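What follows is the residue order along each chain.
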Amino acid sequence: MRNVAVLLAAGSGKRTQSTLPKQFVKIAGKPMIYYSLEAFQNHPDIDEILLVLSADVIDKISDFIDLSQFSKCKGQIVGGKERYESSLAAVNYYAGQDINLLLHDVARPLISQAIISRVTHALRNSNAVCTATPAVDTIAEYNSSGPTLRYPNRSNCYAVQTPQAFHISLIEQAFQLFLQDPNYAVTDDCSIVHYYLPEQPICFVEGERKNMKVTLPEDFAVIETLLKLDI
């Protein structure tokens with residue numbers, strides 16, 4: 001079955017305080033989006049790459065990066081302001097095809113070949129795959145509207161990363177139910193499957209701490225240091 005890497009790059013990244021969308025800020029001389037493109041381009045299990053971009057960037061992507069370097073990149077589509085809108089745009093783009101979608105946030109530029117391999121291997125036996133790492137800090141759950149405070153068992157807690165991968169028919173079904181819920185509130189694609197198709201098992205595969213998400217201004221320097229150290 002074909003594996004399509006969907007690179008989610010429609011966000012503005014306001015928290016990074018950059019004048020450019022963060023996916024185009026240069027890290028070690030290359031725009032951040034380059035590293036995700038390179039990783040999926042070079043992996044033998046990936047058949048195709050789709051870029052999901054904001055409406056104000058899609059017609060001038062060539063100002064930031066030369067996509068001719070990436071032969072697997074077959075298209076660019078417009079995403080949305082919310083994360084789920086970009087994922088849904090990709091699901092709709094490939095509707096009716098018998099494929100797997102690997103949804104990856106390009107704000108995680110240090111995605112490794114090993115992680116991609118773990119995800120694609122898991123897809124051979126599972127229709128939903130989540131990349132995650134064990135929590136290293138104690139986690140506290142606090143309700144700001146009341147005194148509720150809970151400390152979950154850390155051994156059961158994981159930090160969710162991307163790629164998150166699905167057979168398209170499964171994530172399409174989950175989105176259909178999600179969009180019918182007037183009170184929907186989720187932060188990633190696996191949570192949509194979890195809440196709206198609770199009977200569907202989600203396979204967890206091991207992520208890496210370096211597969212961190214660039215969120216704050218100081219994160220750019222951390223990523224650049226890791227690139228220079230090649231770790």
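Look up: the structure comes first, before these words.
> Please explain the environment of Asp 45 as it appears in this structure.
Tracing the backbone shows Asp 45 in the loop between α1 (32-41) and β4 (48-53). Asp 45 sits in the partly exposed class, given a relative accessible area of 21%. C-alpha separation for the pair Asp 45 and Arg 2, spaced 43 residues apart in sequence, amounts to 8.3 Å. Excluding anything up to four places from it in sequence, Asp 45 contacts Asn 3, Thr 120, His 121 and Arg 124. A distance of 2.7 Å separates a polar atom in the side chain of Asp 45 from a polar atom in the side chain of Thr 120.

> Just to check I follow, could you spell out the nonpolar core for this structure?
Soluble globular proteins tend to bury their nonpolar side chains together. Ile 33, Leu 37 and Phe 40 are the most contacted members of the largest nonpolar core, which totals 42 residues. Residue assignment for this core shows that the elements contributing at least two residues are β1 (2-9), α1, β4, α3 (113-122) and α6 (219-229). What Ile 33 contacts, discounting residues up to four positions off in sequence, is Ala 9, Gln 23, Phe 24, Leu 51, Leu 53, Ile 65 and Val 106. If you look at the next biggest cluster of nonpolar residues, it comprises 29 residues, including Tyr 94, Phe 166, Ile 168 and Cys 190.

> For this particular structure, what's the right way to read the pattern of salt bridges?
Pairing is possible between side chains that carry opposite charge, provided their charged atoms lie close to one another. Applying the stated criterion across every chain, the model contains six salt bridges. Here Asp 189 and Arg 83 are joined by a salt bridge, their closest N and O atoms 2.9 Å apart. Remark: Arg 83 occurs in helix α2 (residues 83-93) and Asp 189 occurs in helix α5 (residues 189-196); sequence separation between them is 106 residues. You can call Asp 189 buried: its relative accessible area is 1%.

> Sorry if this is basic, but what is going on with the packing of helix α4 (residues 168-179) against α5 here?
Two numbers describe a pair of packed helices, the interaxial angle and the distance between the axes. Contact geometry for α4 and α5: axes closest at 9 Å, N-to-C directions at 70°. Between α4 and α5, the angle falls in the class roughly perpendicular. Contact with α4, carried on its side by Leu 170, Ile 171, Ala 174, Phe 175, Leu 177 and Phe 178, involves Asp 189, Ile 192, Val 193 and Tyr 196 of α5 and no other residues of that element.

> Please explain the sheet that holds strand β6 (residues 99-105) as it appears in this structure.
Taken in spatial order, the seven strands make up an open sheet running β5-β4-β1-β6-β10-β7-β11, and their pairing is mixed. Two strands in the sheet have a free side with no partner beyond their single neighbour: β5 (73-78) and β11 (203-206). Strand-to-strand twist of the sheet, defined as the mean angle between neighbouring strand axes without regard to direction, takes the value 25°. Here four bridges tie strand β7 (residues 128-134) to β11, and the two strands are oriented parallel to one another. The residue of β11 that forms the bridge with Thr 131 is Val 205.

> What am I meant to see in a nonpolar patch on the surface here?
Together, Tyr 142, Leu 149 and Tyr 151 make up a nonpolar patch on the protein surface, roughly 390 Å² of accessible area in all. Within the secondary structure layout, Tyr 151 lies in the loop between β9 (149-150) and β10 (158-167).

Criteria and cut-off values
Residues numbered from 1 in each chain as written. Predicted model: local features only at pLDDT ≥ 70, side-chain atom pairs only at ≥ 80, totals over all residues. Heavy atoms only, no water. Helix = DSSP H or I, 4+ residues; strand = E, 2+ residues; numbered from the N terminus. Buried < 20%, exposed > 50% of the residue type's maximum accessible area, 1.4 Å probe, protein only. Contact = heavy atoms within 4.5 Å. Polar contact = N/O pair within 3.5 Å; in protein donor to acceptor, adjacent residues only side chain to side chain. Core = buried A, V, L, I, M, F, W, Y, C linked by side-chain atoms within 4.5 Å. Salt bridge = Lys/Arg side-chain N within 4 Å of Asp/Glu carboxyl O. Axes fitted to C-alpha atoms, helices over the stretch in contact; angles between N-to-C directions. Parallel < 35°, antiparallel > 145°, perpendicular 65-115°, else oblique. Pairing = 2+ DSSP bridges. Patch = residues over 30% accessible without salt bridge, like charges linked within 9 Å, V, L, I, M, F, W, Y side chains within 5 Å. Areas by Shrake-Rupley, 256 points an atom, 1.4 Å probe, with all protein chains shown as cover.

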